[in-house]
Amino acid sequence: MPFLGSFLSEEQFQCSICLEIFDNPVSTPCGHSFCTACIGHYWQGSKLCQCPLCKESFKKRPELHINRTLREITEQFKQMKCEAGACGGSGWLGSSLEERPLKQGGLLGDLFLEMKCQVAKISSDYNVQNGNQSPNLRGKVPKGCDSDSGQSQEVTRRLSLRRYTLSGAADARKVPRCPKHRHKLELFCKSDGECICSECSDTDHQSHKIISVEKEWLISKTEIGMTETKMQEMIGQRLRKIEEIKILLAEIKMAAEKEMQGGMRIFGLLLSSVERSQAELLEVIEMSRRSAEHQAEVMIRELDLELTELRKRSAMLGKLAQTDDCISGLRSYCNLNTPVPVKDWAGVSVHCDLGKTKAIYNSVSQLLQHFREELQKLPEIYLPALIDQSPLKQQPKVKRIQEYAVDVKLNPDTAHPRLILSEDRKKVRCSNKHQLVPSNPERFDRVVCVLGQEGFTGGQHYWEVEVGGKTDWDLGVASHSINRKGKLAVSPSNGYWFLSLREKSNYAFRTEPSTTLLLSLKPQKIGVFVDYEKGQVSFYNVEAKMHIYTFSDTFTETIYPFFSPCTNKSGKNDVPLTITPVLPPD
């Protein structure tokens, strides 16, 4: 009986790891069974325990115990297989299944009897459904089996849909078979990368490299292990990178706390010093006021006494002038004619000495200058230490803008007639009179400005200009094709990109309309950085190491450095613009 002979085959008692019959089998929580040694070796050294078949993961390594029932059945299978081989039979489960006696110590009689009943029933149903019912099995049920019992019918219904294996249940409809020959897929064609049957190997894959499915799967599992190891390494790398980023973030937080503490310290000192100076100033003013009040009170008291005496003498003289007694009048007049003891008040005044306040103001001014210097030092104190200690320091170094420094010189052929250039063409200032210069097409004739000698058609370029002491100036770049005669419309759309200062404190980038910039620190030196490909013009406060503004556009022609010291405003803005050497970065 072919169906009965294939019901219990050797592969159903095989461990899927070693491909041998079970040896002390154990079952995982997911229901699959393996040899104790095989699964132990498979999980050895692994942090994550997975089922080799379904890949279900277990957070904690399961405590496996030997499946005693499966071990007894497996041992019985081995004995019956050996006996069948010794007898020269065609199979250990053949048509004589009913006549095979149970040996002592073998498979339990009730379990083996139930298996015989269900196999016979399923085989009978199978033949009936396919219309080829064997007369030998028609209505034949092994002795001891009750085909009418409810339990038997339920088991028959389940087994008619599923194939039972001793290492787990599997759907009989999903048994992989060759779609062409309906044979079991037991070979693997390495040339085509597909599973095939033995007949496919003899017909369509004769010249191909053929290997058994089991061996190919063992090779694949090795490759899977190697791939998994690589994946674990990649996971480890990313975990380490996360730790590096976390460490860097922690260092940034520490640096921020230090920066905050330093800032609070400086501001606290500034506030306390200002409050102390304020209190000292108020005290000086108050003492001066009180001193003046005291002087005034003393003077007023003295004047009041003199007024009383004078008024008394005046009243007596007035009364004496009305008497007719000559003798009495002369005697009284002689007594009243003595000089009154009074003070000469012509040069007397009240003074308030506020000269000490000037010293306090000078002290506050020095304090603010010291505070400004401390503020400029703050970024240099903490940020370099942070960069040096960073675990990501091995990354490629970012090129600083100072490394793009260029030697910029002024072009006298473009300078307005009122502009005076130094001999080295590094300084420019505006005079009150026009100079005798040739009238060139390149020269500006109305706006007091000048261009750099060399233009840029690509790359990155950086230069620095000293602007300290000036009330007005313009710095940036301009296109080659700009209009240089008459009144200029300065904007990016007309080829001008520059930063302006007006009235000592009004900073703006010349757009339409102008972009007003609020700067907390007045720059003494301006750094100009141009990235031609990106179309960017950036401005920096060099001493404070602060970015001021960046404008993005598209450059399509040669651009030149642009300078305008503006008019000198009767000497108030006479300080020149000076192109200074760029110091190398720290």
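All values reported here derive from a predicted model rather than from experimental measurement. (Residues numbered from 1 in each chain as written. Predicted model: local features only at pLDDT ≥ 70, side-chain atom pairs only at ≥ 80, totals over all residues. Heavy atoms only, no water.)

Here's the deal with the overall build of the protein
Helices and strands together make up the secondary structure of the protein, namely nine helices and 22 strands. Put simply, of all contacts in the protein between residues at least 6 apart along the chain, 59% involve residues at least 24 apart. Total accessible area on the protein is roughly 37400 Å²; 54% of this is exposed by carbon and sulfur atoms. (Helix = DSSP H or I, 4+ residues; strand = E, 2+ residues; numbered from the N terminus. Contact = heavy atoms within 4.5 Å. Areas by Shrake-Rupley, 256 points an atom, 1.4 Å probe, with all protein chains shown as cover.)

Focus: the state of the cysteines
Summed over the entire model, instances satisfying the criterion amount to zero disulfides. No disulfide involves Cys51; its sulfur sits 3.4 Å from the nearest other cysteine sulfur, which is in Cys30. (Disulfide = S-S within 2.5 Å.)

Some details on the packing of aromatic side chains
A complete count under the given rule lists 13 aromatic pairs for this structure. Centroid distance Phe498 to Phe562: 4.8 Å. Interplanar angle 10 degrees. Geometry classified as stacked. One end of the pair, Phe498, is in strand β15 (residues 496-502); the other, Phe562, is in strand β21 (residues 559-564), with 64 residues separating them in the sequence. The same class applies to Phe498 and to Phe562, which are both buried. Pairing Phe509 with Tyr549 gives two aromatic rings, centres 4.9 Å apart and planes at 35 degrees, and the pair type is tilted. Taken as a pair, Phe509 in strand β16 (residues 506-509) and Tyr549 in strand β20 (residues 546-552) lie far apart in primary sequence, 40 residues in all. Residue classification places Tyr549 among the buried positions, given a relative accessible area of 17%. An aromatic cluster is present here, built from Phe509, Phe539, Tyr549 and Phe551 joined pairwise through their rings. (Phe/Tyr/Trp six-rings, centres within 6.5 Å; stacked < 30°, edge-to-face > 60°. Buried < 20%, exposed > 50% of the residue type's maximum accessible area, 1.4 Å probe, protein only.)

What about the sheet that holds strand β12 (residues 450-451)?
One open sheet accounts for six strands, arranged β12-β21-β14-β15-β16-β17; its pairing is antiparallel. The open sheet has two free edges, formed respectively by β12 and β17 (515-517), since each of these has just one partner strand. Of the pairings in the sheet, the one linking β12 to β21 comprises two bridges and is antiparallel in character. Directly across from Leu451, in β21, lies its bridge partner Phe562. (Pairing = 2+ DSSP bridges.)

A closer look at the side chain of Ser277
Here Ser277 lies in helix α7 (residues 213-320). We classify Ser277 as buried; its relative accessible area is 10%. Ignoring sequence-local partners within four residues, the contact set of Ser277 consists of Ile360 and Val364.

Things to note about a nonpolar patch on the surface
Nonpolar side chains collect at one region of the surface, where Met231, Met234, Ile235, Leu239 and Ile242 lie side by side and expose about 450 Å² of accessible area between them. With respect to the secondary-structure elements, Leu239 resides in helix α7. (Patch = residues over 30% accessible without salt bridge, like charges linked within 9 Å, V, L, I, M, F, W, Y side chains within 5 Å. Salt bridge = Lys/Arg side-chain N within 4 Å of Asp/Glu carboxyl O.)

Overview of the sheet that holds β20
Strands sit in the order β10-β11-β22-β13-β18-β19-β20 across an open sheet of seven strands; the sheet is antiparallel. Only two strands of the sheet have a single partner each, and these edge strands are β10 (419-421) and β20. Strand-to-strand twist of the sheet, defined as the mean angle between neighbouring strand axes without regard to direction, takes the value 20 degrees. One ladder, built from six bridges, connects strand β19 (residues 536-541) with β20; its direction is antiparallel. Bridge pairing in β20 places Ser538 opposite Thr550. (Axes fitted to C-alpha atoms, helices over the stretch in contact; angles between N-to-C directions.)

Here's the deal with the side chain of Ser564
Relative to the assigned elements, Ser564 resides in strand β21. If near-sequence neighbours (up to four positions away) are discounted, Ser564 is found in contact with Val448, Cys449, Trp473, Asp474 and Leu577.

Section: unusual backbone geometry
Along the chain, Glu512 connects to Pro513 via a cis peptide bond; the corresponding omega equals -5 degrees. Along the polypeptide, Pro513 turns up in the loop between β16 and β17. Phi angles above zero are rare outside glycine, and Lys504 is one such case at about 70 degrees. When you line up the elements, Lys504 lands in the loop between β15 and β16.

Overview of the packing of α7 against helix α8 (residues 326-336)
Remark: α7 packs on α8, axes separated minimally by 11 Å, with the N-to-C direction vectors making an angle of 165 degrees. Judged by the inter-axis angle, α7 sits roughly antiparallel to α8. Judged by the twist between their axes, the crossing of α7 over α8 is left-handed. Together, Arg313, Met316, Leu317 and Leu320 of α7 and Gly329, Ser332, Tyr333 and Leu336 of α8 make up the contact between the two elements. Looking at the contact of α7 with α8 residue by residue, the class counts come to five nonpolar, two polar and one charged. (Parallel < 35°, antiparallel > 145°, perpendicular 65-115°, else oblique. Left-handed = near helix turned anticlockwise from the far one by under 90°. Nonpolar A, V, L, I, M, F, W, Y, C, P; charged D, E, K, R; others polar.)

Examining the pairing of β19
The element β19 is extensively covered by neighbouring structure, given that five of its six residues are classed as buried. The sheet contact formed by strand β18 (residues 525-531) and β19 spans six bridges and is antiparallel. The residue of β19 that forms the bridge with Val528 is Phe539. In this antiparallel pair of consecutive strands, β18 and β19, the connection spans four residues, and Gly535 shows a positive phi of 70 degrees.

Some words on the pattern of salt bridges
Counted according to the given criterion, the structure contains twelve salt bridges. Across the pair Lys78 and Glu75 runs a salt bridge, and its minimum N-O distance is 3.8 Å. Within this pair, Lys78 and its partner Glu75 are both found in helix α3 (residues 68-87), separated by three residues, close to a single helical turn. For Glu75, a relative accessible area of 35% puts it in the partly exposed group. Measuring nitrogen to oxygen at the nearest pair gives 3.0 Å for the salt bridge that ties Glu286 to Arg290.

Any functional reading would require information beyond the geometric quantities listed.
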